[in-house]
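# A structural walkthrough
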Amino acid sequence: MRTGVRVGVIWTAAAVAAGAAWSAAFVARASATAESGARFFDAVVLTLVVTVGGLVLSSHSGHGVGRVLLAGGTLWGVASLPLEVAVAQVQEEPGSTPAGTLLAVSFAVRGFGWTLLVAALPLLFPDGRLPSPRWRAGLHLAIAGAALHGMSVALGSVPPDLRVARYSNALAVPAGLQLLLDLLRIAALLLILGCAAGGVVSIVRRWRRGDALTRQRIGLFAIAGAVQLALVPLLFLFILTPGSAVVYTAIAAVLPVAIAVGVAQRRLYDLPRLLNRTLVYLALSGLVIAMYVLVVAGVGAALNATGGGWLPLLATGLVAAAILPLREAVQRGVNRLTYGAWEEPYAVVTDLGRQLADAGAPGGALPSAITGVAEALRLPYVAVRGVDGLLVEHGKATGAETDVPLVHEGNEVGRLVVGLGGLRRARDSRLIHDLARQVAPTVHAAALTTELRRSRDRLVLAREEERRRLRRDLHDGLGPVLAAASLKVDTARNVLRDDPRAEPLLLEARAVVQGAVSDVRRVVEGLRPPALDDLGLTGAVARLASDLSGPADVRLEAGGLGGVDGRLPAAVEVAAYRIVQEALTNVVRHSRASTAVVRLHAEADALHVEVVDDGCGLRIPGSPAGSPNGRRGTGMDSMRERAEEVGGTIRISGCREGGTVVAAALPIAAT
């Protein structure tokens, strides 16, 4: 369809619906029927609905929200005029069957349009599309529920309009089929409620997966719906009075406005401030009215005063005296609800400083402290970046963040990155800078600790590599030289056998050489376990397991090393060997275990060492902690030191079935 024709059809339908609604209002007024004023409120809401639908369809061809608004609003508006005409005729002639049938059909069509709006809009808002093709069945069920609801109204024998006491409906089902009609109504109600629940699920799903703009658009729609749900109970106060329709339509007018803003919105608005002001004035108005009524009614009842003019004056004076402190209290509560802790900057900075000061290690409390700040200030994203990269992150970045430099002793040590969702005023920016000043020393201390740990790792690695080199030089260089010297001394003894003066000197020289060989061998073995160089890590651990087998059957599982064995850094080899040695020593001496398993497994970045036994656990029963007979002592400290020296971690824990697990992860890439 050409654009001009399409737009003409859209606005023609909207004009017909709005014209019918306003005509219905004037018909009700001319008939002087009850709730005639409410029909004007209906016309206002209906005009808003079809106008928004027309605007959406004119600017977004085929938009689902616009289609539902225009279709539902057109059915609602077009049916309003015959409904009012039928109500006026039935009030004059209660037994008129044509008028009664027209009333039932008009009310059914009107209800179909309204129910379609309620059931289908949440499924399509805000982009006019279903969340996924699987939701198409939900849209069909919404239409079916609205149709069944209209059918149940059209076939009923009880007047659907409260202004009519009785009427004659030619479409009414016989009394014998009334049960089927009731079942039809229940089915329609269940379908409508199910689709409404599905709409809530759809809104929540879009909220969780959408960006900041989508969330704000959905937030407008959700706030409007929540306002209606919150104020609907007021209808029960007026349900038997002419004011019920007025209250209802006034509440309903909020939704089309929110839909129009949500669909047309292309940038973020400062909704928290709008919500804050709205909640403050609503709460304050409610409290003022409650105080006034309480004083007038309560004091009047207590004093049995029915019409004294002094009670309203007293109530007005009390309200005037309490309005300022009451507003301040309400403002603080609403600020806390909508903004979080932005109105209490000193408390936020103090809490952050206390958490960072109480940390056991530099930077240890930084993740929990940043999470606390993000939750207190309702920030969508907070991150701390150090010189070497990201340190802490909370939330999901949207690309609309600001970063504040972290400066310590005049040097920039990192950046504090904050999502803009929580920033509203200049003092909010000052609070972020105050938080940055609290975080900067912790980031600096964490960087120093990291650098110190890296330096220690480099020293350990260099030490072990140098030890390996020295052992190789002593074993392959000096050792053979001394052995050859000993052989030369023995040769000299054989040559000079007949010289009595040479024999003592040669024996003394031979003893010195053999002593030097023993000293070299002792130095070599002290530098590094010889089995590591002779057999590799797997072979050395296998020999260790064989030597320590006895009371406990020790088994080795090292299938995960692959080609890494023999190419590991010296520090990692020594640490793994010493950890296994100490763990197996504890198994043999203390655990009373029958079996023990040693597992070695290498990954791309770490060597995993695990020793598991089925003994008595971390302590011998009856042995006090820290005693020579207990499992806790210098051995466990030694294993931890070995792991930490190479930047690894170790976990010593008890098994659920009994026994002990020693599990260490030693980094390969870092070393």
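Preceding block: the structure.
No experiment lies behind these values; they were computed from the predicted model shown.

### Side note on the overall build of the chain
When helices and strands are counted, the chain shows 19 helices and nine strands. The proportion of buried residues among the 671 residues of the chain is 39%. Contacts in the chain between residues far apart in sequence, at least 24 positions, make up 68% of those at least 6 positions apart. Counting only carbon and sulfur atoms, one obtains 62% of the accessible surface of the chain, whose full area is about 34800 Å².

### Digging into the pairing of strand 1 (residues 381-386)
Within strand 1, five of the six residues are buried, leaving the element largely enclosed by the surrounding structure. In this structure, strand 1 lies alongside strand 2 (residues 389-395), joined through six bridges in antiparallel fashion. Within strand 2, the position partnered with G386 by the bridge is G389. Here strand 1 hands over to strand 2 after two residues, the two strands then running antiparallel side by side. Across five bridges, strand 1 lies against strand 4 (residues 411-419) in antiparallel orientation. Bridged to A383 within strand 4 is V417.

### Quick look at the pattern of salt bridges
Inspection of every chain in the model, using the stated rule, returns eight salt bridges. Note that E412 and R415 form a salt bridge whose closest N and O atoms lie 3.1 Å from each other. Assessed through its relative accessible area of 25%, R415 is described here as partly exposed. In the salt-bridge network here, residues are joined through shared partners; they are R555, E557, R599 and E610.

### Quick look at the packing of helix 4 (residues 97-124) against helix 5 (residues 136-154)
Helix 5 packs onto helix 4 with a crossing angle of 160° between their chain directions and a minimal axis gap of 8 Å. Of the possible angle classes, the one that applies to helix 4 and helix 5 is roughly antiparallel. The way helix 4 lies across helix 5 gives a crossing that is right-handed. Contacts between helix 4 and helix 5 pair A104, F107, A108, G111, F112, T115, L116, A119, A120 and L123 from the former with G138, L139, A142, I143, A146, A147, H149, G150, V153 and A154 from the latter.

### Quick look at helix 10 (residues 254-264)
Looking only at helix 10, the buried set comprises P256, A258, I259, G262 and V263. Summarising the axial view, the buried residues of helix 10 lie within an arc of 160°, below the 170-degree limit, and thus occupy one face.

### Some points on empty space enclosed by the protein
Going through the model one piece at a time under the given rule, you end up with three cavities of 30 Å³ or more. Volume-wise, the largest cavity comes out at about 60 Å³. Lining the largest cavity are ten residues, and of these I370, V373, V382, L416 and L435 sit closest to its centre. In terms of residue count, the dominant contributor to the lining of the largest cavity is helix 15 (residues 426-495) (three residues).

### Focus: the nonpolar core
Core analysis: the largest hydrophobic core is formed by 40 residues, its most contacted members being L537, L607 and L666. Breaking this core down by element, the ones donating at least two residues are helix 17 (530-548), strand 5 (553-560), helix 18 (570-591), strand 6 (595-602), strand 7 (606-613), helix 19 (634-645), strand 8 (649-654) and strand 9 (660-667). It is helix 18 that provides the largest number of residues to this core, a total of eleven residues.

### Some points on the packing of aromatic side chains
Given two aromatic rings, their pairing is described by the distance between the two centres and the angle made by the two planes. Counting across every chain of the model gives one aromatic pair. Relative to F221, the ring of F125 lies with its centre 4.5 Å away and its plane at 20°, an arrangement referred to as stacked. With F125 in the loop between helix 4 and helix 5 and F221 in helix 7 (residues 212-231), the pair connects residues that are 96 residues apart, well separated along the chain.

### Concerning the side chain of E84
The residue E84 is located in helix 3 (residues 64-92) in this model. On the basis of relative accessibility, which here comes to 4%, the residue E84 falls in the buried class. Not counting chain neighbours up to four residues away, the residues in contact with E84 comprise A24, V27, A28, R39 and R163.

### Observations regarding the pairing of strand 6
Summarising the sheet, strand 6 and strand 7 pair through seven bridges and their orientation is antiparallel. Its bridge partner lying in strand 7, L600 is registered against V609. Linking strand 6 to strand 7, which pair antiparallel, is a turn of three residues.

### As for a nonpolar patch on the surface
On the surface, a nonpolar cluster with roughly 470 Å² of combined accessible area is contributed by W22, F26, V44, L48, V257 and V261. Those elements giving two or more residues to the nonpolar patch turn out to be helix 1 (3-31), helix 2 (36-59) and helix 10. Relative to the helices and strands, V261 is located in helix 10.

### Here's the deal with the environment of A146
Structurally, the position occupied by A146 is in helix 5. For the pair A146 and T115, spaced 31 residues apart in the sequence, the C-alpha separation amounts to 5.3 Å. Residues contacting A146, with those up to four places away along its chain left out, are F112, T115 and L116.

### Structural notes on the packing of helix 3 against helix 4
It is the contact of helix 3 with helix 4, at a shortest axis distance of 7 Å, that shows an interaxial angle of 160°. Here helix 4 runs roughly antiparallel to helix 3, going by the angle between their axes. In the crossing of helix 3 with helix 4, the sense of the turn from one axis to the other is left-handed. Of the residues contributing to the contact of helix 3 with helix 4, the split by class is 23 nonpolar, eight polar and one charged.

### Focus on the sheet that holds strand 1
Taken in spatial order, the four strands of this open sheet run 2-1-4-3, and their pairing is antiparallel. Each having just a single partner strand, strand 2 and strand 3 (401-408) make up the two edges of the open sheet. Taking the axes of each pair of neighbouring strands and ignoring which way they run, one obtains an average angle of 15° across the sheet. As defined by bridge partners, strand 3 adjoins strand 4 across eight bridges and the pair is classed as antiparallel. Within strand 4, the residue paired with P405 across the bridge is R415.

### A word on helix 5
Between its first and last C-alpha atoms helix 5 spans 27 Å; for 19 residues at 1.5 Å apiece the expected length is 27 Å, and the two agree. All of the buried residues along helix 5 are L139, A142, G145, A146, G150, S152, V153 and A154. Where helix 5 is buried, its residues contact helix 4 and helix 6 (178-209).

### Here's the deal with the environment of A462
Assignment of secondary structure puts A462 in helix 15. A C-alpha to C-alpha distance of 8.3 Å links A462 and A571, two positions 109 residues apart in sequence.

### Thoughts on unusual backbone geometry
With an omega dihedral of 5°, the bond running from F125 to P126 counts as a cis peptide bond. Following the sequence through the fold, P126 ends up in the loop between helix 4 and helix 5. Even without glycine at this site, E409 takes up a positive phi of about 55°. Structurally, E409 can be placed in the loop between strand 3 and strand 4.

Rules used in this analysis
Residues numbered from 1 in each chain as written. Predicted model: local features only at pLDDT ≥ 70, side-chain atom pairs only at ≥ 80, totals over all residues. Heavy atoms only, no water. Helix = DSSP H or I, 4+ residues; strand = E, 2+ residues; numbered from the N terminus. Buried < 20%, exposed > 50% of the residue type's maximum accessible area, 1.4 Å probe, protein only. Contact = heavy atoms within 4.5 Å. Areas by Shrake-Rupley, 256 points an atom, 1.4 Å probe, with all protein chains shown as cover. Pairing = 2+ DSSP bridges. Salt bridge = Lys/Arg side-chain N within 4 Å of Asp/Glu carboxyl O. Axes fitted to C-alpha atoms, helices over the stretch in contact; angles between N-to-C directions. Parallel < 35°, antiparallel > 145°, perpendicular 65-115°, else oblique. Left-handed = near helix turned anticlockwise from the far one by under 90°. Arc of directions from axis to C-beta. 1 Å grid on protein atoms, 1.4 Å probe; cavity = no way out; pocket = protein on both sides within 12 Å on 5 of 7 lines; lining within 4 Å. Points joined across faces, edges and corners; volume = space filled by probe spheres on them. Core = buried A, V, L, I, M, F, W, Y, C linked by side-chain atoms within 4.5 Å. Phe/Tyr/Trp six-rings, centres within 6.5 Å; stacked < 30°, edge-to-face > 60°. Patch = residues over 30% accessible without salt bridge, like charges linked within 9 Å, V, L, I, M, F, W, Y side chains within 5 Å. Nonpolar A, V, L, I, M, F, W, Y, C, P; charged D, E, K, R; others polar. Expected span 1.5 Å × (residues − 1).

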